[in-house]
Amino acid sequence: HGEWAWRMAGRDAKHDAGLFQTVKVAPGARLHLRAHAHAWTSVNDDATLSQGQQKYLLRVGIDPEGGKDPAAPGVAWSKPLESVDRWAALEAAAEAKGEAVTVFLRGTAEAAVKHNESCWDYVTLTAE
């Protein structure tokens, strides 16, 4: 709620990185993942404004089998969102195949610039 957020950053490099957590759930549960995120990608040091117009994509995903590979074909990903300098909501949904699912937060900086980072907050996983 604004007090704490997770930040992922790289300097003078591109990256495809993130965070994951495996969570126990009821088999067959219909799950909804929601997170708020924003990116800052800039050739300059003003953290309030992205400059250089580089592309930074944000995604959230659910592996309904509880795996830890974000490239697995069964991961249900949100539509990639380019949201620099403003918070935006990302959402994904999946049905649990077993007793655990894995949720992913993913940021992809497509160009090497001085600052590439994303911030994440309000992450929730709910069963419908």
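Just above, that's the structure.
Treat the numbers as computed from the prediction; the structure is a model and nothing was measured.

Focus on the packing of aromatic side chains
Turning to step 1, where the next piece is worked out: Under the criterion given, the structure shown has two aromatic pairs.
Turning to step 2, where the next piece is worked out: When the ring of Phe20 is compared with that of Phe104, the centres are 6.0 Å apart and the planes differ by 45°; the resulting orientation is tilted. Here the residue Phe20 occupies a position in strand β1 (residues 6-24), and Phe104 occupies one in strand β6 (residues 100-127), the gap between them amounting to 84 residues.
Turning to step 3, where the next piece is worked out: Their ring planes at 35° and their centres at 5.7 Å tell us that Trp77 and Phe104 sit as a pair that is tilted. Of this pair, Trp77 sits in strand β4 (residues 76-77) while Phe104 sits in strand β6, and the two are 27 residues apart along the sequence.
Turning to step 4, where the next piece is worked out: Looking at Phe104, the relative accessible area reads 3%, which means it is buried.
Turning to step 5, where the next piece is worked out: Through pairs of rings, three or more aromatic residues link up here, namely Phe20, Trp77 and Phe104.

Some remarks on the pattern of salt bridges
Turning to step 1, where the next piece is worked out: The final tally for this structure, using the stated rule, is four salt bridges.
Turning to step 2, where the next piece is worked out: With its nearest N and O atoms 3.0 Å apart, the salt bridge here joins Glu117 to Arg7. Of this pair, Glu117 sits in strand β6 while Arg7 sits in strand β1, and the two are 110 residues apart along the sequence.
Turning to step 3, where the next piece is worked out: Taking the relative accessible area as the measure of exposure, Glu117 reaches 11% and is therefore buried.
Turning to step 4, where the next piece is worked out: A salt bridge links Arg34 to Glu91; the nearest nitrogen and oxygen atoms lie 2.6 Å apart. Of the two residues, Arg34 is situated in strand β2 (residues 30-42) and Glu91 in strand β5 (residues 88-95); the sequence distance between them amounts to 57 residues.
Turning to step 5, where the next piece is worked out: Looking at Arg34, the relative accessible area reads 29%, which means it is partly exposed.
Turning to step 6, where the next piece is worked out: The class for Glu91 is partly exposed, based on a relative accessible area of 39%.

Some remarks on the nonpolar core
Turning to step 1, where the next piece is worked out: By size, the foremost hydrophobic cluster in this structure holds 21 residues, and its most contacted members are Leu31, Leu58, Val60, Ile62 and Trp120.
Turning to step 2, where the next piece is worked out: At the level of elements, β2, β3 (56-63), β5 and β6 are the ones that each hand at least two residues to this core.

Topic: the environment of Leu125
Turning to step 1, where the next piece is worked out: Topologically, Leu125 is positioned in strand β6.
Turning to step 2, where the next piece is worked out: Each C-alpha atom of the pair Leu125 and Pro73 lies 21 Å from the other, and the pair is 52 residues apart in sequence.
Turning to step 3, where the next piece is worked out: Ignoring any residue separated from it by four or fewer positions in sequence, one finds Leu125 in contact with Val23, Leu31, His32, Leu33, Ile62, Val101 and Val103.

Concerning the environment of Leu33
Turning to step 1, where the next piece is worked out: Here Leu33 is to be found in strand β2.
Turning to step 2, where the next piece is worked out: For Leu33, a relative accessible area of 1% gives the class buried.
Turning to step 3, where the next piece is worked out: Each C-alpha atom, one on Leu33 and one on Ser78, is 9.3 Å from the other, the two residues being 45 residues apart in sequence.
Turning to step 4, where the next piece is worked out: If we skip the residues at most four places from it in the chain, Leu33 touches Val60, Gly61, Ile62, Leu90, Glu91, Ala92, Val103, Phe104, Val123, Thr124 and Leu125.

Definitions and limits used
All residue numbers refer to positions counted from 1 along the written sequence of the respective chain. Per-residue local features are limited, in this predicted model, to residues with pLDDT of at least 70; the limit for side-chain atom pairs, both in listing and counting, is 80 or more; totals at the level of whole chains, interfaces and linings are taken over all residues. Only hydrogens and water are removed before side-chain values are computed, so all heavy atoms of the structure are retained for them. Any Phe, Tyr or Trp ring, taking Trp's six-membered ring, that has another such ring centre within 6.5 Å forms a pair; planes under 30 degrees apart are called stacked, those over 60 apart edge-to-face, and the others tilted. Helix and strand assignments come from DSSP, with helices taken as H or I runs of at least 4 residues and strands as E runs of at least 2, each series counted from the N terminus. Residue exposure (1.4 Å probe, protein chains only): buried if accessible area is under 20% of the type maximum, exposed if over 50%, otherwise partly exposed. The working definition used for a salt bridge is a side-chain nitrogen of Lys or Arg within 4 Å of a carboxyl oxygen of Asp or Glu. As used in this record, nonpolar core signifies buried Ala, Val, Leu, Ile, Met, Phe, Trp, Tyr and Cys residues forming a set joined through side-chain atoms within 4.5 Å. Note on definitions: a residue-residue contact is assigned when non-hydrogen atoms from the two residues lie within 4.5 Å.

Any functional reading would require information that these geometric values do not contain.
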